[in-house]
Amino acid sequence: MATVRLDALEKRYDTTAAVAGVTLDIADGEFLTLLGPSGCGKTTTLRMIAGFIAPSAGRVWIGANDVTTQPPQHRDVNMVFQDYALFPHLTVAENIAFGLVERRAPRAERARRVAELLELVRLPGHEARYPSELSGGQQQRVAFARAIAHPPRVLLMDEPLGALDLKLREAMQEELRRLQRQLGITTVYVTHDQVEAMRMSDRIAVMNQGRVEQLGTPEAIYERPATEFAAGFVGSINFLKGRCVGHEDGCYIVETAAGRLRADTGAARIAGATPVTLAVRPEHLRLDTAAGADGRENRVDGQVAASSFLGNLVQLVVRAAGDLELRVELRAGDRRPPDGATVSVSWPTAKTVLLPSR
Amino acid sequence: MMARALSGTWLALVFGFMIAPLVVVAGASFGRGGRTAMIDFPPHELTWQWYLAIPGDQVQALALSISLALACALAAALLGVPAALGIVRGDLPGRRAIAALFRLPLQIPAVVVGVSFLQLYYIVGDVIELPLVGSFWGLALAHLFIALPYVVGSVVAILNRFNMRLEEAALVLGAGRWSTFRRVTLPVIMPGVFAGAVYAFMVSFSDLPVALFLAGQGFVTFPVAIFQSLDYDFSPSMLALSTLIIVFSFVVMVVVQRSIGLTNLLHTGGAG
Ligand SMILES: Nc1ncnc2c1ncn2[C@@H]1O[C@H](COP(=O)(O)OP(=O)(O)OP(=O)(O)O)[C@@H](O)[C@H]1O
Ligand SMILES: [Mg+2]
């Protein structure tokens with residue numbers, strides 16, 4: 001087990017930068033997820049850690065060693081691939097023991113370890129099967145067992161659950177997380193599925209266009225996004241454009257088309273009348289007629305433009321002054337205004353985040 | 001119903017066409033032999049006699065052809081795999097030209113190949129003072145020339161479909177380049193190598209035009225022996241020997257189909 005440090009890591013292809021300067025410190029035993037849309041450089045970053053791709057600039061450290069120029073077989077990292085990459089000509093037992101053979105472990109010890117791992121991934125009795133004789137989920141487990149047979153210092157996983165159906169994927173998310181905790185292996189995980197990232201990670205690095213937009217715990221990223229991109233990528237959110245006109249009582253004051261609004265938390269260092277964006281999650285918005293504008297609440301009036309019933313909740317779109325659209329989520333039991341009704345939407349300033357405008 | 005009957009008839013016709021020459025040879029090999037025709041089909045009277053009368057020099061020619069074909073298949077596999085790896089994986093500037101070069105022998109008529117090698121061997125043989133014409137290695141080399149494209153072709157085909165993640169997985173499991181090749185790459189491309197080698201064997205074994213030029217006194221391959229015997233001393237034991245070869249080829253084919261078919265099954269499922 002070890003820490004991983006990426007230091008201004010870059011990978012350029014001709015004209016484009018696949019990874020444009022990523023700096024990350026990953027703690028010993030941590031489960032860190034690289035989360036971002038397709039093409040943002042997640043796989044490239046992971047493959048630079050593994051040593052399959054040489055960075056154009058920057059360094060990779062594992063523990064106390066600078067491994068930037070070391071080939072993959074000397075890095076003591078291991079990887080679980082999206083298509084598992086199980087050796088098709090070898091049995092499950094031979095697949096799992098592949099790295100042990102390479103390290104010249106005695107036959108008896110290999111057999112013992114294979115049995116132990118199959119127990120761990122809940123596949124005992126499958127030693128003699130070939131990969132083509134396993135289901136997708138079983139192949140995934142074998143790939144994981146193979147990767148940890150000789151415990152690596154760092155485990156890398158590139159969308160390892162991407163090929164599974166939703167139900168199996170959720171089961172495997174829990175399983176992988178359980179095993180990772182149990183073994184305490186430093187893990188870098190890649191996914192573009194924000195729910196998966198939230199569920200599994202100690203910390204998430206939200207990536208966009210080759211850079212890390214925000215690094216933090218799932219809660220921090222959800223509740224206190226640092227950029228519009230990070231806010232929009234994780235969960236759904238309302239954006240309100242405006243200008244920051246001041247700061248008082250620990251609150252930013254922002255002039256928007258829908259009036260003067262306040263935000264408690266802000267990632268931006270604001271000077272003068274800077275263009276900013278306010279962000280608030282739909283579940284923090286309430287409809288009430290009772291005035292709650294005690295300075296700790298924001299308030300906007302508008303008309304219900306659309307509503308949809310989603311089982312456990314009702315989603316409303318409220319159109320306010322200045323063509324502003326607000327998504328509001330109400331619990332299914334709440335009073336549901338008809339379309340066109342004039343409503344007053346309010347939410348706590350504590351749940352309002354001020355972001356620099358793009 | 002109609003369509004099925006039609007396609008059934010059609011299939012039977014094609015099958016009959018494919019098998020007719022073989023049936024004639026096999027049938028006639030059991031015939032006593034007519035007074036007028038050399039080939040007695042359908043046989044008037046059944047006999048084993050021609051099987052017992054196969055001349056020793058023809059058996060010798062057959063043995064020579066088989067060892068030549070084996071040498072050719074082995075050499076083609078040993079040279080073809082690195083060549084295919086270079087074509088698919090290498091970063092040489094002239095990769096496409098090299099790939100085209102390896103297909104060239106397929107486009108040259110075999111007779112021309114025979115003449116070319118004859119000329120080449122006269123020149124080179126003079127220089128190194130070794131008779132290449134009429135020698136085992138001389139002919140083996142010429143057969144390697146016409147057989148190599150088959151191995152290169154089939155290995156290139158399988159390498160193009162090769163999942164590079166397999167090699168990366170081996171690398172992170174601690175295997176070096178050579179170990180990765182030996183334990184992963186080679187076993188995975190083996191069906192392609194094997195199929196190419198079987199082709200190479202058949203190309204060498206059945207070659208007449210090249211061998212006609214390069215055979216010599218006391219050095220005669222099986223096809224050349226048959227060809228020559230047709231000219232002057234035809235005997236139905238030729239048919240008997242041919243029948244044995246047909247049976248042997250059929251057995252080999254079934255075995256190859258079984259083994260390759262099975263490995264293919266293992267290689268195409270799920271992962272990979
Ligand atoms: N070998 C290459 N040559 C040129 N461009 C490349 C190469 N590999 C990747 N890229 C580009 O670099 C960018 C990042 O690719 P990468 O595979 O890291 O994305 P990703 O975040 O893993 O995406 P996905 O979620 O689709 O897997 C992409 O725009 C891609 O087109
Ligand atoms: Mg990717």
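Everything numeric in this text was worked out from a predicted model, so none of it was measured.

A. Broad picture of the domain arrangement of chain B. Residues and elements named next belong to chain B. As far as domains go, chain B holds domain 1 (1-47) and domain 2 (55-269). Taking the mean C-alpha position of each, domain 1 and domain 2 sit 31 Å from one another. Each partner contributes to the interface: domain 1 provides seven residues, whereas domain 2 provides seven residues. Summing both sides of the interface, domain 1 and domain 2 together bury roughly 640 Å²; the carbon and sulfur share of this comes to 84%. At the junction of domain 1 and domain 2, the tally comes to zero salt bridges.

B. Broad picture of empty space enclosed by the protein. Using the criterion set out here, one finds three cavities of 30 Å³ or more in the structure. Roughly 60 Å³ of internal volume is contained in the largest cavity. Taken together, A:Asp76, A:Val77, A:Asn78, A:Gly99, A:Leu100, A:Arg103, A:Arg146, A:Ala149, A:His150, A:Pro152, B:Val172 and B:Leu173 make up the full set of residues lining the largest cavity. If you list the elements that add at least two residues to the lining of the largest cavity, you get β6 (77-80) and α2 (92-102) of chain A. Residue composition of the lining of the largest cavity, by class: six nonpolar, three polar and three charged.

C. Inspection of the environment of B:Val111 at higher detail. All names here are of chain B. Checked against the element boundaries, Val-111 lands in helix α5 (residues 110-128). For Val-111, a relative accessible area of 45% translates into the label partly exposed. When the C-alpha atoms of Val-111 and Val-210 are compared, they prove to be 6.0 Å apart, with 99 residues separating the residues in sequence.

D. Expanded view of the packing of helix α3 (residues 56-89) of chain B against helix α8 (residues 177-206) of chain B. Residue and element names in this part refer to chain B. Look at α3 against α8: their axes get within 8 Å of each other, and the N-to-C directions meet at 135 degrees. Of the possible angle classes, the one that applies to α3 and α8 is oblique. The crossing of α3 and α8 is right-handed. In the contact of α3 with α8, the residues fall into 18 nonpolar, three polar and one charged.

E. Summary view of the site of ligand 1. Residue and element names in this part refer to chain A. In the neighbourhood of ligand 1, the contacting residues comprise Tyr-13, Ala-18, Pro-37, Ser-38, Gly-39, Cys-40, Gly-41, Lys-42, Thr-43, Thr-44 and Glu-159. In this structure, Thr-43 approaches ligand 1 through a side-chain N or O atom, which is 2.6 Å from an oxygen atom. For ligand 1, an oxygen atom lies 2.5 Å from a polar atom in the side chain of Thr-44. Protein burial of ligand 1: of its 640 Å² of free accessible surface, 57% is covered by the chains. By residue number, the principal contributor to the shell around ligand 1 is helix α1 (residues 42-50), which donates three residues.

F. Quick look at the pattern of salt bridges. Residue and element names in this part refer to chain A. This structure, assessed with the given rule, holds 22 salt bridges over all chains. Across the pair Arg-113 and Glu-116 runs a salt bridge, and its minimum N-O distance is 2.5 Å. Placement of the pair is Arg-113 and Glu-116 together in helix α3 (residues 107-120), with a separation of three residues, close to one helical turn. Owing to a relative accessible area of 16%, Arg-113 belongs among the buried residues under this scheme. With a closest N to O distance of 2.8 Å, Arg-286 and Glu-297 form a salt bridge. With Arg-286 in strand β16 (residues 286-287) and Glu-297 in strand β17 (residues 297-309), this residue pair connects regions lying 11 residues apart in the sequence. Owing to a relative accessible area of 36%, Arg-286 belongs among the partly exposed residues under this scheme. What you see here is one network of salt bridges that share partners, running through Glu-109, Arg-112, Arg-113 and Glu-116.

Calculation rules
- Residues numbered from 1 in each chain as written.
- Chains lettered and ligands numbered in written order.
- Predicted model: local features only at pLDDT ≥ 70, side-chain atom pairs only at ≥ 80, totals over all residues.
- Heavy atoms only, no water.
- Domains from an automatic or database assignment.
- Contact = heavy atoms within 4.5 Å.
- Buried area = accessible area lost by both parts, 1.4 Å probe.
- Salt bridge = Lys/Arg side-chain N within 4 Å of Asp/Glu carboxyl O.
- 1 Å grid on protein atoms, 1.4 Å probe; cavity = no way out; pocket = protein on both sides within 12 Å on 5 of 7 lines; lining within 4 Å.
- Points joined across faces, edges and corners; volume = space filled by probe spheres on them.
- Helix = DSSP H or I, 4+ residues; strand = E, 2+ residues; numbered from the N terminus.
- Nonpolar A, V, L, I, M, F, W, Y, C, P; charged D, E, K, R; others polar.
- Buried < 20%, exposed > 50% of the residue type's maximum accessible area, 1.4 Å probe, protein only.
- Axes fitted to C-alpha atoms, helices over the stretch in contact; angles between N-to-C directions.
- Parallel < 35°, antiparallel > 145°, perpendicular 65-115°, else oblique.
- Left-handed = near helix turned anticlockwise from the far one by under 90°.
- Near = heavy atom within 4 Å.
- Polar contact = N/O pair within 3.5 Å; in protein donor to acceptor, adjacent residues only side chain to side chain.
- Areas by Shrake-Rupley, 256 points an atom, 1.4 Å probe, with all protein chains shown as cover.

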